[in-house]
Amino acid sequence: MAEKKSRFSRLQVLSVLLLLLGLFLAVIGRTRINPASVSALGFEKLGQAVVPAQRGVTILGVVVAAVALAALVLSKRNPRMAAAALLASVMVAILAILTALAQGGSIDLVGMLASSLRMCTPIALGALAGILCEKSGVINIGIEGMMLAAAAFGFGANLFFKNIWVGVLAAILLGGLMAVLHALMCIRFKTDQIISGTAINILAVGASGFLRRAYLVKAYFVGQTLPIVKIPLLSQIPVLGTLLFRSQPIVYAMLIMVPAVYFVLFHTPWGLRTRAVGEHPRAADTVGVNVFKVQYINVIMAGCIAGLAGAWFSLETVGSFEDVMTGGKGFIALAAMIFGNWNPLGAFLGALLFGFADALQIKLQILNVPLPYQFLGMAPYLVTMVVLAGLIGRTTPPAAEGKAYEK
Amino acid sequence: MTAESKRVTKPSASWLSSVPEMAIPVLAVFTALVIGAIVIWASGADVLKAYKGLLEGAVGNVTNLTETLVIATPYTLAGLAVALAFRCGLFNIGVEGQFNMGALFSVFVAFSVKGLPTHIHLPLSLLAGALGGALWGAIPGFLKAKLGAHEVTNSIMLNYIAVKTMDFLVKNPLRDKTSSIPRTPFILKSATLPPLLADHRVHAGLLIAVAAIFVVYWLLWKTTLGFEIRTVGANPDAAKYAGMSVTRNFILAMVLSGALAGLAGTGEVLGTNRNLPASFISGYGFDSIAISLLAKSHPFGILPAAFLWAALRNGAGLMQVRAGISIDLINVVQALVIVFIAADEIIRRLYRIKKPKEALREIVFTRGWGR
């Protein structure tokens, strides 16, 4: 099957994709944008930059393509430089897309970035959950279900205890509880991990729907969401303040947990043990690591993180619970995990990309772009498929994932 | 080669010795219903009233029984779709999308192609539906075979894309402008699957579903093609060394599986609904997985499993009326059945069923991302 060594590296595939995107943008800019219109790009209170839309988009598109080409050339000799160039190219591409959108009007760049960050929160948390599971050798496609059930039960607890923080706690605990089920099935009963994850997903749809129709619809709709927490002084910094220090609690939690999980996985004895279990459980066992304990703890921790991501849906954004409100974000999180090559920092960048796609899609709907909303809504799923198809086989998953360990 | 064939054909042979094995699905359903009863009791409703309502709603009279058969028809075809892919070691979680695509393709042919006699128009519409599903199934099959992308994530993404595509098409180019609700025009009489009983909705799609069971059985166990599919499913490496093309079989199995799923959607359009509404969200995708697992992925097990599932679905309405229990309880029961069948050690321990001496090699789906 896919045992053959892939001829192209991850960087090369991404460079080619961006090269194509850059050329596409340049052509769009040249042919489809009214030469007379201008785009205003706002930077919050700092004012705005007014650029001619056609020339702006075309030039930026060419820059994207050129930088991506440079990354492609560099990818063999200097991967680090190539990665940096690629990141720069992505940023310019985003700027180009926004310039194209803002023609004849204005877009606040900072607001756009802030909403990307907000939209990426559940994806990034889900990706962290996936990484913790898979680094210890357990595949978890049930993250979607864990999020969904946690969203429902968290909202239920909020209604019942009339305290939103209790709701968040309940969501985290319920995510953990679902993970206990997954862990038992995968580690104790050695069920196929994909089937176990599917069962979790179905269970979540049933249980959350049951809870909603049996109890939640009868209760008063409160619409209460987690408050925006402004960090004193820091939130006054222009741009950065809006982006990072004027957010809701789960966004903060995500921003803290991404580096925290990275640190734990790569710089602590526990992380070393986890990775050993995921790569070669027999060897880990031989040197005295308790394989099952490491797997249980990682899977359950991951469930708690997925539960927090679930709380984001019902308690941080909407303030209520709707059927299947997670809308595939759990699966997109897995794509972000693969995108980031099982590294929390990379996965965060991937999640940010998906978050941007989502924020962009919403913005496009608001701007009344002449494209059917169904096609705009497809964008995140299509991006996921392209990323998965382009990168799989070029990333290296933990070697022993998916196989139940037999002592 | 002969040793290989002996092992692969094992599941269908010597069924007498596997009676305890066949009891596991039954016990799994039973245990799930017991837990369901506990949930009903805990939420303060009358368990007996609820389950009596469930039974009566499912098979209580001719109307209820035929309605159960109406639901069992797509379940059978969709369950077969998942089972066929399972046999090739593929987890087709994209039945939902293939089902929708089948419905979309068939409804288009069924209402727009005019002036054909029934014996041409009806088969043409059925074929269109199968083609729609097959195309949608081919995408994850191709991505898996050529790039190694896991079929589960890709087919889930395709489910969302299919639903949105259908929503767009039904609300815009294919919409019946004379209707106030967004739906396609009604299909022509020449493309209708005829009802089997006067004044009841059960239609000829049921016969197609039953025929499909035998076709899939014949294909899997009586043809070289089926032998290859099963060998790839049991052990892709062995299949490769025996000179079979793993990639070709992956794509082929997904195409056939998608065609069956598409046919399930087709039956809903040509037999039950007679048009395609924008709100055609079926939920057959997950149900079909449960049905296939319950049937142990054997075609002959699909019919009883599909009937049971349809009975649960159809009876749930009356259960809700009689005992005030939300129909979502059935989803919970369904998920529990999957849990118990997937982790059959729970059931074995609970009812003291020994593991078979010569453990059959179970199909493994968890090959990780891109392997």
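Note that the structure is predicted; figures quoted are calculated from it, not measured.

**Student:** Describe the nonpolar core, with residues and values.
**Tutor:** Soluble globular proteins tend to pack their nonpolar side chains together in the buried interior. Ala124, Leu128, Ala151 and Ala336 of chain A together with Leu260 and Val337 of chain B are the most contacted members of the largest nonpolar core, which has 250 residues in total. With 16 residues, the top contributor of residues to this core is helix H4 (residues 109-135) of chain A. Of the residues that make up this core, three or more belong to each of domain 1 (1-104) and domain 2 (112-391) of chain A. If we ignore the near neighbours within four places in the chain, the residues touching Leu128 of chain A are Met257, Val258, Val261, Ile305, Pro344 and Ala347 of chain A.

**Student:** With reference to specific residues and values, describe the domain arrangement of chain A.
**Tutor:** All names here are of chain A. Partitioning chain A into domains gives domain 1 (1-104) and domain 2 (112-391). Put simply, the middle of domain 1 and the middle of domain 2, counted by C-alpha atoms, are 29 Å apart. Contributing elements (two or more residues each) for the side of domain 1 that touches domain 2: helix H1 (10-32) and helix H3 (79-101). When residues in the side of domain 1 that touches domain 2 are grouped by element, the largest group, four residues, is from H3. Here the residues of the side of domain 1 that touches domain 2 sort into eight nonpolar, no polar and three charged.

**Student:** Please give an account of helix H14 (residues 344-366) of chain A that cites residues and values.
**Tutor:** When the terminal C-alpha atoms of H14 of chain A are compared, their 32 Å separation across 23 residues agrees well with the 33 Å that a helix rising 1.5 Å per residue should span. Where H14 of chain A terminates, the next one or two residues include Asn368 of chain A, which has phi positive at roughly 60 degrees.

**Student:** Which residues make up the pairing of strand E1 (residues 38-42) of chain A, and what values go with them?
**Tutor:** Residue and element names in this part refer to chain A. Note: E1 against strand E2 (residues 48-52), five bridges, orientation antiparallel. Within E2, the residue paired with Gly42 across the bridge is Gln48. Here E1 runs beside strand E3 (residues 106-108); their pairing, made up of three bridges, is parallel. Residue pairing for E3: Ala40 is matched across the bridge by Ser106.

**Student:** Could you give an account of the packing of helix H5 (residues 143-161) of chain A against helix H13 (residues 329-339) of chain A, with specific residues and numbers?
**Tutor:** Residues and elements named next belong to chain A. At a minimum axis distance of 7 Å, the contact between H5 and H13 shows a crossing angle of 135 degrees. The orientation of H5 relative to H13 falls into the category oblique. As H5 runs across H13, the sense of the crossing is right-handed. Contacts between H5 and H13 pair Ile143, Glu144 and Met147 from the former with Lys329, Gly330, Phe331, Ala333 and Leu334 from the latter. The class makeup of the residues in the contact of H5 with H13 is five nonpolar, one polar and two charged.

**Student:** Explain the environment of Gly301 of chain B to me, and be specific about the residues and the numbers.
**Tutor:** Considering the arrangement of structural elements, one finds Gly301 of chain B in helix H13 (residues 299-323). Taking the C-alpha atoms as reference, Gly301 of chain B lies 9.5 Å from Leu80 of chain B; in sequence the two are 221 residues apart.

Calculation criteria
Residues numbered from 1 in each chain as written. Chains lettered and ligands numbered in written order. Predicted model: local features only at pLDDT ≥ 70, side-chain atom pairs only at ≥ 80, totals over all residues. Core = buried A, V, L, I, M, F, W, Y, C linked by C-beta atoms within 7 Å. Buried ≥ 20, exposed ≤ 12 C-beta atoms within 10 Å, placed from the backbone. Helix = DSSP H or I, 4+ residues; strand = E, 2+ residues; numbered from the N terminus. Domains from an automatic or database assignment. Contact = placed C-beta atoms within 7 Å. Nonpolar A, V, L, I, M, F, W, Y, C, P; charged D, E, K, R; others polar. Expected span 1.5 Å × (residues − 1). Pairing = 2+ DSSP bridges. Axes fitted to C-alpha atoms, helices over the stretch in contact; angles between N-to-C directions. Parallel < 35°, antiparallel > 145°, perpendicular 65-115°, else oblique. Left-handed = near helix turned anticlockwise from the far one by under 90°.

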